[in-house]
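Secondary and tertiary structure notes
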Amino acid sequence: MRDRAERLLERELHSFAATHPKSRALSERARSSLLGGVPMHWMLRWAGGFPVFAEKAWDARFRDVDGLEYVDLCLGDTGAMTGHSPESVVQVVAEQAARGITLMLPSEDALWVGEELTRRFGLARWQFALTATDANRFAIRLARLVTGRPKVLVFNWCYHGTVDETFATLRDGRVVERAGNLGPPVPLDETTRVVEWNDVDALERELAEGDVACVLTEPALTNVGIVLPQPGFHAALRELTRRAGTLLVIDETHTLCAGPGGYTAAYGLEPDVVTVGKAIGGGIPSAAYGFTEGVADRIDRAIVTDDSDVGGVGGTLAANVLSLAAMRATLSDVLTEAAFAHMIAMAERFEAGVAAVIEEHDLPWHVTRLGCRAEYLFRREPPRNGSEAAGGIDHLLDRLIHLYALNRGVLLTPFHNMALMSPATTEADVDRHTEVFAAAAAELAA
Ligand SMILES: Cc1ncc(COP(=O)(O)O)c(C=O)c1O
């Protein structure tokens, strides 16, 4: 299969270059003004060798500068899980932008959003940031503050944004930095403990060291493929963190896909802290982090208000009125209960379509779904932890499937085979992907 995959990739690369002359010309021009010829360095990793330049995005689709139209299953890697530019958010944002964008003063929207997040996630007190990365960074700092402990515990192959402490992995049982970690401030074993997802014994052992301020985790791993918790894992995680006096921080940035209150509400978790970003502002930079009443009281007691502007938590533009208006519009009008019912149904259709193709060709692959997010991995069995999932990554097949889909008008999330459904995603969009995936599988299996 590998020879065939290489030949197909060669063919798809030629086809991509031939059909995207304007994107290619812009990429070439960009080399003189942008580092690497791209505005964000990882855009170099798009499958075609240069990125597609978008001209316009709406609902779950976009058109590029060459006039080609795509079904968007990437949706800005969750930033646009609302669908692109939902009308109600656009209107509210336009109105708010005309009345002020950032003031360092609160707006009434902040109260509405705080109250709504409490209703959805159950946490009592909220703060705001502009990115999920920042929400996680601030949650970690505050966890250190109230526990007086130095370390963070994360699960192997996690991703929580560009948070220094989280770029750690296990090598022969030792904590080391992940490959590609750029300019780390200190060796990772000074800041971080790492255990495999679903490994209760290792979790118990590491927490028993007594130096862990918080466990930071997604409720299911979503950034190395989807790795679901085994039955009883969350109960053990909660019980062990409580016993160790370690705060449990649940990052719902991606797992918001499980429902209006994320995985936390859908599965009755009881975190001390929740962080969430990306989609909650409909694409306008927005994030939130919330605490139980008990943790909020501890933070209140520990912060010296006179020094809080230089305390390492916050940001001049954080909680700006535009961001809060966007969050209010998104939560009230777009990411509603009814919207999730549709999004989840679309993901079920996606999962069933992909599973049928895998079965038809007896491919050693599988598909997993969590709420309105689905993902296929090139290994037969669902992984039990991040290492197994990482072992199932196949860069050649990843690149081929991405490019094959792109050349046929379907955008998948880069770096893995993730598809996300928005309120605007249709059955026809999902079926387009299934057709393309079936054609790729047939060529590979021929
Ligand atoms: C679970 C999770 N948390 C946090 C982040 C960071 O989000 P951002 O890059 O918007 O700060 C990501 C990004 O992919 C994520 O997947």
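A brief look at the structure comes next.

Rules used in this analysis
Residues numbered from 1 in each chain as written. Predicted model: local features only at pLDDT ≥ 70, side-chain atom pairs only at ≥ 80, totals over all residues. Heavy atoms only, no water. Helix = DSSP H or I, 4+ residues; strand = E, 2+ residues; numbered from the N terminus. Expected span 1.5 Å × (residues − 1). Buried < 20%, exposed > 50% of the residue type's maximum accessible area, 1.4 Å probe, protein only. Contact = heavy atoms within 4.5 Å. Phe/Tyr/Trp six-rings, centres within 6.5 Å; stacked < 30°, edge-to-face > 60°. Arc of directions from axis to C-beta. Polar contact = N/O pair within 3.5 Å; in protein donor to acceptor, adjacent residues only side chain to side chain. 1 Å grid on protein atoms, 1.4 Å probe; cavity = no way out; pocket = protein on both sides within 12 Å on 5 of 7 lines; lining within 4 Å. Points joined across faces, edges and corners; volume = space filled by probe spheres on them. Nonpolar A, V, L, I, M, F, W, Y, C, P; charged D, E, K, R; others polar.

Concerning helix H11 (residues 337–360)
Along its 24 residues, H11 runs 35 Å from first to last C-alpha, staying within 8% of the 34 Å computed at 1.5 Å per residue. Among the residues making up H11, those that are buried are Ala339, Phe340, Met343, Met346, Ala347, Phe350, Gly353, Val354, Val357 and Ile358. On its buried face, H11 is in contact with helix H10 (321–334), strand S13 (366–370), strand S14 (373–377), strand S16 (418–420) and helix H14 (427–445).

Thoughts on the packing of aromatic side chains
Under the counting rule described, the total for this entry stands at 15 aromatic pairs. Measuring from centroid to centroid gives 5.9 Å for phenylalanine 138 and tyrosine 289, while their planes differ by 55 degrees, and the two rings are tilted. You can see phenylalanine 138 sitting in helix H5 (residues 132–147) and its partner tyrosine 289 sitting in strand S12 (residues 287–291), a full 151 residues away along the chain. For the pair shown, phenylalanine 138 and tyrosine 289 are each scored as buried. Seen in terms of ring centroids, phenylalanine 155 and phenylalanine 233 are 5.8 Å apart; in terms of plane orientation they differ by 70 degrees. Their pairing is edge-to-face.

Topic: helix H6 (residues 200–207)
Among all positions in H6, only Ala202, Leu203, Glu206 and Leu207 are buried. The buried residues of H6 all sit within an arc of 125 degrees when viewed along its axis, so they share a single face. Looking at H6, the residues exposed on the side facing more than 90 degrees away from the buried face are Asp201 and Arg205. Considering only its buried residues, H6 is in contact with strand S5 (151–155), strand S8 (192–195), strand S9 (212–217) and helix H7 (233–244). Near the N-terminus of H6, the side chain that reaches the backbone nitrogen of aspartate 201, with its oxygen 3.3 Å away, is that of aspartate 199.

Section: the environment of valine 38
Position of valine 38 among the secondary structure elements: in the loop between helix H2 (21–30) and strand S1 (54–58). On a C-alpha basis, the gap between valine 38 and leucine 26 in space is 9.9 Å, while along the polypeptide they are twelve residues apart. Each residue touching valine 38, except ones within four places of it in the same chain, is listed here: Met43, Leu44 and Pro51.

With respect to empty space enclosed by the protein
In total, this model carries two cavities of 30 Å³ or more according to the counting rule given. Here the largest cavity is characterised by a volume of approximately 50 Å³. Every residue along the wall of the largest cavity is listed here: Glu375, Tyr376, Leu377, Phe378, Gly392, Ile393, Asp394, Asp398, Phe415, His416 and Asn417. Top element by residues in the lining of the largest cavity is S14. It accounts for three residues. Taken together, the residues of the lining of the largest cavity break down into five nonpolar, three polar and three charged. For the second largest cavity, the calculated volume is near 40 Å³. Lining the second largest cavity we find Tyr376, Ile401, Tyr404, Ala405, His433, Val436, Phe437 and Ala440. Contributions of two or more residues to the lining of the second largest cavity are made by helix H13 (395–406) and H14.

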